[in-house]
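Topology and contacts: notes
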Amino acid sequence: MDIRTLPEPELQIYNRLRQKYSLTFDSLKLGVTTIRLLKVADLGEIIGDRDPFADVTQFPFWVKLWDAAIILSYVLTRVPGRQGRTLLELGAGLGAPGLAAAASGFDVTISDYEEIIRDFQQVSAAASGLHNVKLTLLDWLDPPQLPAFDVLAGAEILFREEFFAPLLRVFAAYLKPDGVIYLAHDARRQSLPKFLKLAEKDYDIGVARQNYIKDGTPVSIIVNRLVRKGTGKQGNQ
């Protein structure tokens, strides 16, 4: 991408970021639309040789475009009745699902907990030509006042058990009564079944699995759809 085409505020952010990191854009094609995601070109500048599945408490999840985020991006572009509906992406990191949702018609709010993450998201939204995207800082332990949303979405957000209860409170606060939650995680994420066990007290939960081969390695992504019990909807609908 020619960064000279960025609006001036985002160009200033980009220039500030590249003083600290080597930068690149990933492109994610969604039908006739392509979203562009600013990211650190050399993850070793941030994570070294750390294994994200060895000690997740020390891994900066926002720096990587996860397979689960890519799958969730495609899922959200296929949700019926997108135009004019509102969506909040939680723990968005690079923001691929949220940007994909915005490109397909949702009015999107992308959230995470650090200013540096928001900087990357702001440049990506501008580079993708999206104007129906808001950005907000959201600490699950001290969530701000926000309106309720039609859809909540998150990819690879279940990595610390101490955040399960706060996340469920975020669900309760930000989801409309008839709203839907979409989650996507690598099938290896051991925290996923533990979280869903807690969530099933209040939500009907559907599950789908996407299996494919990437660079010769099998990948399995689990997508969950949650709706509040008693709404007349089912998790798989």
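To keep things clear, this report deals only with the structure shown in the data block.

The subject of this paragraph is the overall build of the chain. When you go through the chain residue by residue, the secondary structure sums to 7 helices and 9 strands. Taken over the C-alpha trace, the chain has a radius of gyration of 17 Å; the compact-globule value for 237 residues is 18 Å, and the two agree within 12%. Evaluated residue by residue, the chain yields a buried proportion of 51% over its 237 residues. Put simply, of all contacts in the chain between residues at least 6 apart along the chain, 64% involve residues at least 24 apart. Total accessible area computed for the chain in this model is approximately 11,500 Å², and 49% of it derives from carbon and sulfur atoms.

Two residues of an α-helix separated by three or four positions point the same way, owing to the 3.6 residues in each turn. When we look at burial in helix H7 (residues 191-199), the residues that qualify are Ser191, Leu192, Phe195, Leu196 and Ala199. Along H7, the residues classed as buried sweep out an arc of 130° about the axis, all on the same side. Across from the buried face of H7, at angles greater than 90 degrees, the exposed residues are Pro193 and Lys197. Packing partners of the buried residues in H7 comprise helix H6 (164-174), strand E7 (175-186), strand E8 (203-214) and strand E9 (217-228).

Positive phi outside glycine occurs at glutamate 156, with the angle close to 55°. Checked against the element boundaries, glutamate 156 lands in the loop between strand E6 (149-155) and H6. Here the phi dihedral of aspartate 215 falls at roughly 50°; this positive angle occurs in a residue that is not glycine. Residue position: aspartate 215 is located in the loop between E8 and E9.

As for its position among the elements, aspartate 186 is in strand E7. For aspartate 186, a relative accessible area of 8% puts it in the buried group. Within the local environment of aspartate 186, its side chain forms a polar contact with the backbone nitrogen of arginine 188, the two atoms lying 2.8 Å apart.

Bridge analysis of strand E4 (residues 107-112) against strand E5 (residues 133-137) gives 5 bridges, and the strand direction is parallel. Bridge assignment links threonine 109 to a residue of E5, and that residue is lysine 134. One crossover worth recording links E4 to the parallel E5 by way of helix H5 (residues 115-127), and it is right-handed.

Tracing the backbone through its elements, the reader meets glutamate 200 in the loop between H7 and E8. In this structure glutamate 200 comes out as partly exposed when scored by relative accessible area, which is 36%. Setting aside anything within four residues of it in sequence, one finds glutamate 200 in contact with Ile205 and Lys229. At 3.2 Å, the side chain of glutamate 200 and the side chain of lysine 197 are in polar contact.

Under the counting rule described, the total for this entry stands at 12 salt bridges. Close ionic contact of glutamate 162 with arginine 160 constitutes a salt bridge, the shortest N to O distance being 2.8 Å.

In a packed pair of helices, the relevant descriptors are the angle between the two axes and the axis-to-axis distance. Between helix H1 (residues 8-17) and H5, the shortest axis-to-axis distance is 9 Å and the interhelical angle comes to 130°. Comparing the axis directions of H1 and H5 gives the class oblique. Of the two possible hands of crossing, H1 and H5 adopt the one that is left-handed. Contact residues: H1 offers Glu10, Ile13, Tyr14, Arg16 and Leu17, while H5 offers Ile116, Asp119, Phe120, Gln122, Val123 and Ala126. Among the residues making up the contact of H1 with H5, the classes are represented as 7 nonpolar, 1 polar and 3 charged.

Scoring rules and cut-offs
Residues numbered from 1 in each chain as written. Predicted model: local features only at pLDDT ≥ 70, side-chain atom pairs only at ≥ 80, totals over all residues. Heavy atoms only, no water. Helix = DSSP H or I, 4+ residues; strand = E, 2+ residues; numbered from the N terminus. Rg over C-alpha atoms; globule rule 2.2 N^0.38 Å. Buried < 20%, exposed > 50% of the residue type's maximum accessible area, 1.4 Å probe, protein only. Contact = heavy atoms within 4.5 Å. Areas by Shrake-Rupley, 256 points an atom, 1.4 Å probe, with all protein chains shown as cover. Arc of directions from axis to C-beta. Polar contact = N/O pair within 3.5 Å; in protein donor to acceptor, adjacent residues only side chain to side chain. Pairing = 2+ DSSP bridges. Right-handed = clockwise from strand over helix to strand, strands pointing away. Salt bridge = Lys/Arg side-chain N within 4 Å of Asp/Glu carboxyl O. Axes fitted to C-alpha atoms, helices over the stretch in contact; angles between N-to-C directions. Parallel < 35°, antiparallel > 145°, perpendicular 65-115°, else oblique. Left-handed = near helix turned anticlockwise from the far one by under 90°. Nonpolar A, V, L, I, M, F, W, Y, C, P; charged D, E, K, R; others polar.

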